[in-house]
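Chain by chain, the residues:
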Amino acid sequence: MILTFLSGFIYGHAQDNPADTVQKTRIHLEHVDVRSFNKKINDQRQVLNGNVVFRHDSSYMYSDSAYLYERDVSLEAFSSVRLEQGDTLFVYGDYLFYDSNTELAQMRYNVRMVNIQQDSSEVILYTDSLDYNRRTDLCYYFNGGRIIDAENVLTSVYGQYSPETKIAVFNDSVCLTNPNFILYSDTLEYSTDTKIATILGPSIIESDSGVIYSSRGWYNTENNTSLLLDRSNVLSGEKVLTGDSLVYDRAGGIGKAFGNMSLRDTAQQMTLTGHYGYYEERTDYAFATDSACALEYSQGDTLYLHADTLELTTIDSTSRILRAFRGVRFYRSDIQGVCDSMRFNTKDSVLYMYGNPVLWNENQQLFGDTIIIYMADSTIDYVHVPTSAFSVQLADSGHFNQLGGNDLKAYFKGKILERIDIDGNAESIYYPLEKDSTVEMLNYTQSSYLSMWMDVEGKLEKLKIWPKPVGRTVPLPDLTNEEKTLKKFAWYGDLRPVDKQDIFRFYKRKDAVVEQPGAPPAEADSTFVVRDFSPVSGTLDLPKDSGTVPLKEAKSSVESLIIRK
């Protein structure tokens, strides 16, 4: 409406100023071989034949024949039509209609537009119908077209191109073909100058290295770098990298993800998540941080692992190493744990926990200087605590069964802890349950070696201690606070992840809490650590004899003691 009003205003003003009308709207006939005029047929039309040349402002139009309408200040040109705008734009076709008032050129049939770039390269547009608005310097087609430059071929149903800005916009069934990839899109903007494609709608980029899905962003077709927004995906082999925004270098095979990042490995059934991620396609190396989490779901029961930083390194086709640094917490229905750092090697299926590691299974807790978990088909085969080993089992709300020693191995059957072996300086405290599930006494043993078997409910089934074991029982009323626990006893119930969301909870191990004689026992769900955190010594002090009832004292000739349920 505004353009119509302005056109009317200019036309009316031009009527008052004939000189302006001639200057602004007149089409000049520069050359023609034969000109004719038949008033009876059309009193406003001149018929021109042979080497016809028109000029309007700085534009020249050529054809074999033409009609010139002086009253309407327009023309029709036929056969071998060419429009030239300066020395950079050339449009060819079989038919042209040009209106000097609107400065709109409508070229039809076998249309070819050539735009010379600053570097002397050519951008060529092919279509069957092209409109070129000289006033806005904008070309557009609407029945299918193709644009070709030095790097790419772009096709679509609808498209427009500005020779001045070198920007093309494509809609409907867009396809950008490059020697290295093919881009399919709903809406795409492309600069023939910078060779950057701006993604404005759902798009797919396919190449030998993988596939990209995005609905917004840009892709530099010259150096194969891109910035992808709105939860874009990069597929490389069996890996899928996703993020709120992605920076991707296809030539270098490097992807960086920002915000709600995930890297899924569909073959290995593992996913890394975080708010920042990094992935190298060539080395198959991945890195995640900021709320980083690893999910392993190969056996149906998913393991959720969180740390400040996660690193996944591929050794070969069968071996990868997952490393977790600082603040490690993990959860699976059958096992939970915390530590400072962790390493898992898929080749031998061994998981190493370092830095104050604590491991839980059902009501059993293991800790030591280092914990090594041996897996078999993603289930636990056995757990090894090679130094300063300690096992705690929650008997009831106020009592804990305890095992301590130099070296501990815990064997599993399925998801159930079946047996514990301690090698060197073995100590145990056990609170046997009566038939009514009450606790009336404490059993204490000390020996060099110890083996304990549990039933399917986690209760003591058999205890073997050897050689030359020493043991005693103490009724609960006669127990002192020091006699309730072994020296390295600690219960970290409040650190234990309770579900997959709880792995992100911040925790910090508290300082040692020394229970004073007569003080009430610490709560079961709080962290309390006994006095000595040094390694188990060669000689362990036994509880005081005062107020105790000897269970059995091993003579020098007795090699082992077996206690059955």
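A brief look at the structure comes next. These numbers were taken from a predicted model, which means no experiment stands behind them.

## With respect to the overall build of the protein chain
Part 1 of the argument: On a plain count of helices and strands, the protein chain comes out with two helices and 42 strands.
Part 2 of the argument: By residue count, 48% of the 565 residues in the protein chain fall in the buried class.
Part 3 of the argument: In the protein chain, the share of contacts with a sequence separation of at least 24, taken over all contacts with a separation of at least 6, comes to 41%.
Part 4 of the argument: For the protein chain, the computed accessible surface area is about 27200 Å², with 51% contributed by carbon and sulfur atoms.

## With respect to the side chain of Glu103
Part 1 of the argument: Structurally, Glu103 can be placed in the loop between β6 (89–99) and β7 (104–116).
Part 2 of the argument: Residues within four places of Glu103 in sequence aside, it is in contact with His56, Tyr98, Tyr132, Asn133, Arg134 and Arg135.

## Some points on the pattern of salt bridges
Part 1 of the argument: Tallying each qualifying case throughout the model produces 18 salt bridges.
Part 2 of the argument: For Asp131, the salt bridge identified is with Arg108, shortest N-O distance 3.0 Å. Here the residue Asp131 occupies a position in strand β8 (residues 122–133), and Arg108 occupies one in strand β7, the gap between them amounting to 23 residues. Each member of the pair, Asp131 as well as Arg108, carries the same accessibility label: buried.
Part 3 of the argument: Each of Lys239, Asp265, Asp284 and Arg320 takes part in a single network of salt bridges with overlapping partners.

## Considering unusual backbone geometry
Part 1 of the argument: Here the residue pair Trp466 and Pro467 is connected by a cis peptide bond, since its omega of -20 degrees sits within 30 degrees of zero.
Part 2 of the argument: Along the chain, Pro467 turns up in the loop between β37 (460–466) and β38 (470–475).
Part 3 of the argument: Of note in this structure, Asp137 is not a glycine but carries a positive phi near 55 degrees.
Part 4 of the argument: Structurally, the position occupied by Asp137 is in the loop between β8 and β9 (138–141).
Part 5 of the argument: Its relative accessible area of 14% is what places Asp137 among the buried residues.
Part 6 of the argument: Backbone geometry at Lys468 places phi at a positive 50 degrees, although glycine is not the residue there.
Part 7 of the argument: Following the sequence through the fold, Lys468 ends up in the loop between β37 and β38.

## Some details on the pairing of strand β27 (residues 350–354)
Part 1 of the argument: Burial runs high along β27: four of the five residues are buried.
Part 2 of the argument: Direction of pairing for strand β26 (residues 335–345) relative to β27: antiparallel, over a ladder of five bridges. Pairing of Phe344 across the sheet is with Leu351, part of β27.
Part 3 of the argument: Between β26 and β27, which pair antiparallel and follow one another directly, the connecting turn spans four residues, one of which, Ser349, has a positive phi of 55 degrees.
Part 4 of the argument: Pairing between β27 and strand β30 (residues 370–376): five bridges, direction antiparallel. Bridge pairing links Tyr352 to Ile372 in β30.

## Considering the nonpolar core
Part 1 of the argument: Ranked by internal contacts, the top residues of the largest apolar core, which has 97 residues, are Leu272, Ile373 and Val383.
Part 2 of the argument: When near neighbours in sequence (up to four residues on either side) are disregarded, Leu272 contacts Met261, Ser262, Leu263, Ala286, Ala288, Cys293, Ala294, Leu310, Leu312 and Leu322.
Part 3 of the argument: Of all hydrophobic cores here, the second largest spans 20 residues; its members include Val338, Tyr444, Val474 and Trp491.

## So, the packing of aromatic side chains
Part 1 of the argument: Tallied over the full model, the rule gives 16 aromatic pairs.
Part 2 of the argument: Centroid distance Phe367 to Phe390: 5.3 Å. Interplanar angle 20 degrees. Geometry classified as stacked. Taken together, the positions of Phe367 in strand β29 (residues 364–367) and Phe390 in strand β32 (residues 389–396) put the pair 23 residues apart, joining distant regions of the chain. Like Phe367, the residue Phe390 is buried in the burial classification.
Part 3 of the argument: We note Arg419 situated over the ring of Tyr411; from NZ or CZ to the ring centre the distance is 4.2 Å.
Part 4 of the argument: Over the aromatic face of Trp466 sits the side chain of Lys464, whose NZ or CZ is 4.8 Å from the ring centroid.

## Here's the deal with the pairing of strand β25 (residues 319–332)
Part 1 of the argument: Judged by how many residues are buried, β25 sits mostly within the fold: 10 of 14 residues are covered.
Part 2 of the argument: Bridge count for strand β24 (residues 303–316) against β25 is 10 bridges, and the pairing is antiparallel. Each bridged residue has a counterpart across the sheet, and for Leu310 the counterpart in β25 is Ala324.
Part 3 of the argument: Here β24 folds back onto β25, and the loop between the two strands holds two residues.
Part 4 of the argument: Relative to β26, β25 is paired through 10 bridges, and the arrangement is antiparallel.

## Side note on the environment of Ile124
Part 1 of the argument: With respect to the helices and strands, Ile124 occurs in strand β8.
Part 2 of the argument: Relative accessible area serves as the criterion here: at 16%, Ile124 is assigned to the buried category.
Part 3 of the argument: Measuring from C-alpha to C-alpha, the distance between Ile124 and Asp149 comes to 6.6 Å, with 25 residues separating the pair along the chain.
Part 4 of the argument: Beyond its immediate chain neighbours, meaning those up to four positions away, Ile124 contacts Arg112, Met113, Val114, Arg146, Ile147 and Ile148.

## Considerations on the environment of Val234
Part 1 of the argument: Mapped onto the elements, Val234 comes out in strand β19 (residues 225–236).
Part 2 of the argument: Filtering out sequence-adjacent residues up to four positions away, Val234 remains in contact with Val211, Ile212, Leu228, Lys239, Val240, Leu241, Leu246, Tyr248 and Glu281.

Calculation criteria
Residues numbered from 1 in each chain as written. Predicted model: local features only at pLDDT ≥ 70, side-chain atom pairs only at ≥ 80, totals over all residues. Heavy atoms only, no water. Helix = DSSP H or I, 4+ residues; strand = E, 2+ residues; numbered from the N terminus. Buried < 20%, exposed > 50% of the residue type's maximum accessible area, 1.4 Å probe, protein only. Contact = heavy atoms within 4.5 Å. Areas by Shrake-Rupley, 256 points an atom, 1.4 Å probe, with all protein chains shown as cover. Salt bridge = Lys/Arg side-chain N within 4 Å of Asp/Glu carboxyl O. Pairing = 2+ DSSP bridges. Core = buried A, V, L, I, M, F, W, Y, C linked by side-chain atoms within 4.5 Å. Phe/Tyr/Trp six-rings, centres within 6.5 Å; stacked < 30°, edge-to-face > 60°. Lys NZ or Arg CZ within 6 Å of the ring centre and 35° of its normal.

On their own, these measurements won't tell you what the molecule is for.
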